[in-house]
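Take a look at the letters that make up each chain.
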Amino acid sequence: MPKFIHTADWQIGRQFTTFPPEDALPLAEARLHAVQRIAELAAQHQVDAVLVAGDVFDMQTVSDRTIRRMFNAMQGYDGAWVMISGNHDAALAESVWTRAVRLGAVPANVHLALNPEPVVLADLGLAVLPAPLTQRHTYGDATAWFDQTQTPASCVRVGLAHGSVQGVLPDDIDSANPIAPDRAERAKLDYLALGDWHGCKCIQDRVWYSGTPETDRFRGNDAGQALLVNIPAPGVLPEVTPLTVGQHAWHQLNVPLAVESDVDVLLNTLQGLAASSVVSLTVTGQLPLWAHARVLSALAEAGARFRHLSCDTQALTLLPTADELASVRADGYVAKILQDLRQAQSEPGEGGEVAAEAMTLLMQALLARQPVVTANPGGAA
């Protein structure tokens, strides 16, 4: 009986326009590497087929070169691939798929299931019922035809679809294309392989989202995987094993800082993340001068080590000690302003926030003309 890999949402051609080019280009390239990795895993686990549940491409307008490169990335596995279109690469009358066919880029072992009709791989004991999307948004359930469609009794019966299982997923996912929550039961499916939700998610024992194989957003939903599915015989529950695919883990961190130990925790956390990480960090709180400088120095080092680091420090303010205020050698009117701002920072509400921001800006201007202190005057590094 068949063993296959279930994957989806490759989003080949995604641009990552909110990232600087030096980070966006490697992240886009990583999506092609993920396809190569899936091919390697398929060969390694000696699967009978790879099923791709839509959104192979991120948009209809990807270049011809990108189309060719995507199919080239699949060459590491010469078994059967079955693909459907999703909402990003819908099978329109003229689409990325028709271009791929015209280019002659589609290998002979790749089945483009762009029509709602069974793909029966009898020699593998596998019958795939595809529900390709033919437009970006549909209001009917494209899997409804599964219920009345017969497949060979000797074959495992697998549905392949792209959309939202109704009443299960959050309302803000990419596509509203509805899928009945009891479709697997009504259509007597041994397994329903889904795409659209970018995280790995088990809906029922026989219904899974594989998620995108390369993480592409700050959401803790087990992305970066493909699913190895083994179904010993028709009617038997599938054995589903997640396989790690992705290179880049995405981390969203919100860190309040108030005391020295908080700074230590932040620096240890950053040190523990892999260099391939994509990190969004928000730091808040008030720190004395030496600790503030230590944090900024560590963030500069982390920014050079990670694949990408975006850091919001707008709400991280200076609260200099009396000794630190003296060390900036401010006198006269400037010294009076620093003292007033230091006191005003403790006031509740907007006044305190404005004072804190003003203190930070003034201290930064004064320190720009002096060496930066990165050690605790009390002795801590």
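Keep in mind that what you see is a predicted model, and the values were worked out from it rather than measured.

Novice: How should I be thinking about the overall build of the chain in this particular structure?
Specialist: Regarding its fold elements, the chain presents nine helices and 18 strands. Taking 21 Å as the expected radius of gyration for a compact globule of 381 residues, we find that the chain reaches 27 Å, considerably beyond that expectation. Considered along the principal axes of its C-alpha atoms, the chain spans approximately 90 × 40 × 35 Å. Put simply, the chain has 381 residues, and 50% of those count as buried. Partitioning the intrachain contacts of the chain with sequence separation of at least 6 by distance along the chain shows that 72% fall at a separation of at least 24.

Novice: Sorry, what's going on with the nonpolar core here?
Specialist: Buried together is how nonpolar side chains tend to be arranged in soluble globular proteins. In terms of nonpolar packing, the biggest core is built from 35 residues, with Ile5, Trp10, Phe57, Met70, Phe71, Trp81 and Met83 touching the most fellow members. When near neighbours in sequence (up to four residues on either side) are disregarded, Phe57 contacts Gln11, Ile12, Val62, Ile67, Met70, Phe71, His88, Asp89, Val96 and Trp97. Among the nonpolar cores identified, the runner-up in size contains 24 residues, and Ala113, Val119, Trp208 and Leu227 belong to it.

Novice: Which parts of the structure should I look at to understand the environment of Trp97?
Specialist: Relative to the assigned elements, Trp97 resides in helix H3 (residues 96-103). Under the relative-accessibility criterion, Trp97 is labelled buried at 1%. In this structure the C-alpha to C-alpha distance between Trp97 and Leu309, which are 212 residues apart in sequence, comes to 36 Å. Apart from the residues within four sequence positions on either side, Trp97 is in contact with Val56, Phe57, Phe71, Met83, Ile84, Ser85, Asp89, Ala90, Ala91, Leu112 and Leu114. Within polar-contact distance, the side chain of Trp97 engages the backbone oxygen of Asp89 at 2.7 Å.

Novice: Looking at this structure, I do not really get empty space enclosed by the protein. What am I missing?
Specialist: To find leftover empty space, a probe the size of one water molecule is rolled over the atoms. Under the counting rule described, the total for this entry stands at two cavities of 30 Å³ or more. Each pocket or cavity is described by its volume, and for the second largest cavity that value is around 30 Å³. Looking at the second largest cavity, the residues that line it are Ala131, Leu133, Asp141, Ala142, Thr143, Ala161, His162, Asn177, Pro178 and Ile179. Contributing elements (two or more residues each) for the lining of the second largest cavity: strand E7 (156-162) and strand E9 (178-179).

Novice: Could you clarify how one ought to interpret the packing of aromatic side chains in this entry?
Specialist: For any pair of aromatic rings, the description rests on two quantities: the centre-to-centre distance and the angle between the ring planes. The final tally for this structure, using the stated rule, is nine aromatic pairs. Taking 5.9 Å as the distance between ring centres and 65° as the angle between the ring planes, the aromatic pair formed by Tyr77 and Trp81 counts as edge-to-face. With respect to burial, Tyr77 and Trp81 carry one shared label: buried. On the numbers, 5.2 Å between centres and 80° between planes, the contact of Trp145 with Phe146 is edge-to-face. As far as the burial class goes, Trp145 and Phe146 line up, both buried.

Novice: I tried to follow the packing of helix H5 (residues 260-272) against helix H6 (residues 289-305) on my own but got confused; where do I start?
Specialist: The relative placement of two packed helices comes down to the angle between their axes together with the axis-to-axis distance. Look at H5 against H6: their axes get within 11 Å of each other, and the N-to-C directions meet at 5°. Taken together, H5 and H6 sit at an angle that is classed as roughly parallel. Counted together, Glu260, Val263, Asp264, Leu266, Leu267, Leu270 and Gln271 of H5 and Trp290, Ala291, Arg294, Val295, Ala298, Leu299, Ala302 and Arg305 of H6 form the full contact between these two elements. Class assignment for the residues of the contact of H5 with H6 results in 10 nonpolar, one polar and four charged.

Novice: Would you mind showing me how to read the pairing of strand E11 (residues 201-204) here?
Specialist: Side-chain positions along a regular strand alternate between the two faces of the sheet. Bridge count for E11 against strand E12 (residues 207-209) is three bridges, and the pairing is antiparallel. Residue pairing across strands places Cys202 opposite Trp208, the latter belonging to E12. The turn linking E11 back onto E12 is made up of two residues.

Novice: How do you make sense of the state of the cysteines when you look at a structure like this?
Specialist: Working definition of a disulfide: a covalent bond connecting the sulfur atoms of two cysteines. Considering all chains together, one arrives at zero disulfides under this definition. Here Cys202 stays free of any disulfide, with the sulfur of Cys200 as its closest cysteine sulfur at 8.4 Å. Owing to a relative accessible area of 37%, Cys202 belongs among the partly exposed residues under this scheme.

Novice: How do you make sense of helix H2 (residues 64-72) when you look at a structure like this?
Specialist: Owing to its 3.6 residues per turn, the α-helix aligns residues three or four sequence positions apart on the same side. Residues of H2 that are buried: Ile67, Met70 and Phe71. Looking straight down H2, one finds its buried side chains confined to an arc of 95°; they lie on one side.

Novice: Explain the pairing of strand E10 (residues 191-195) to me, please; I cannot follow it from the model alone.
Specialist: For E10, the buried fraction is high: five of the five residues fall into the buried class. Burial of the side chains of E10 extends over both faces: Tyr191, Ala193 and Gly195 are buried on one face and Leu192 and Leu194 on the other. Pairing between E7 and E10: five bridges, direction parallel. Counterpart to Leu160 in the pairing with E10 is Ala193. Bridging between E10 and E12 involves three bridges; their strand directions are parallel. The residue of E12 that forms the bridge with Leu192 is Val207.

Novice: Sorry if this is basic, but what is going on with the sheet that holds E11 here?
Specialist: Think of a sheet as strands paired side by side through backbone hydrogen bonds, with each pair either parallel or antiparallel. Across the sheet, which stays open at both edges, the six strands sit in the order E5-E6-E7-E10-E12-E11 with mixed pairing between neighbours. Both edges of this open sheet fall to strand E5 (119-121) and E11, since each of them pairs with a single strand only. Between one strand and the next, the sheet's axes are offset by a mean angle of 20°, whatever the strand orientation.

Novice: I would appreciate a short explanation of the side chain of Thr7 in the present structure.
Specialist: Among the structural elements, Thr7 can be located in strand E1 (residues 3-7). Given a relative accessible area of 0%, Thr7 falls into the buried group. Separated by 3.0 Å, the side chains of Thr7 and Trp10 make a polar contact. Contacts of Thr7, omitting those with residues within four sequence positions, involve Ile38, Val50, Leu51, Val52, Ala53, Ser210, Pro213 and Ala226.

Criteria and thresholds
- Residues numbered from 1 in each chain as written.
- Predicted model: local features only at pLDDT ≥ 70, side-chain atom pairs only at ≥ 80, totals over all residues.
- Heavy atoms only, no water.
- Helix = DSSP H or I, 4+ residues; strand = E, 2+ residues; numbered from the N terminus.
- Rg over C-alpha atoms; globule rule 2.2 N^0.38 Å.
- Buried < 20%, exposed > 50% of the residue type's maximum accessible area, 1.4 Å probe, protein only.
- Contact = heavy atoms within 4.5 Å.
- Core = buried A, V, L, I, M, F, W, Y, C linked by side-chain atoms within 4.5 Å.
- Polar contact = N/O pair within 3.5 Å; in protein donor to acceptor, adjacent residues only side chain to side chain.
- 1 Å grid on protein atoms, 1.4 Å probe; cavity = no way out; pocket = protein on both sides within 12 Å on 5 of 7 lines; lining within 4 Å.
- Points joined across faces, edges and corners; volume = space filled by probe spheres on them.
- Phe/Tyr/Trp six-rings, centres within 6.5 Å; stacked < 30°, edge-to-face > 60°.
- Axes fitted to C-alpha atoms, helices over the stretch in contact; angles between N-to-C directions.
- Parallel < 35°, antiparallel > 145°, perpendicular 65-115°, else oblique.
- Nonpolar A, V, L, I, M, F, W, Y, C, P; charged D, E, K, R; others polar.
- Pairing = 2+ DSSP bridges.
- Disulfide = S-S within 2.5 Å.
- Arc of directions from axis to C-beta.

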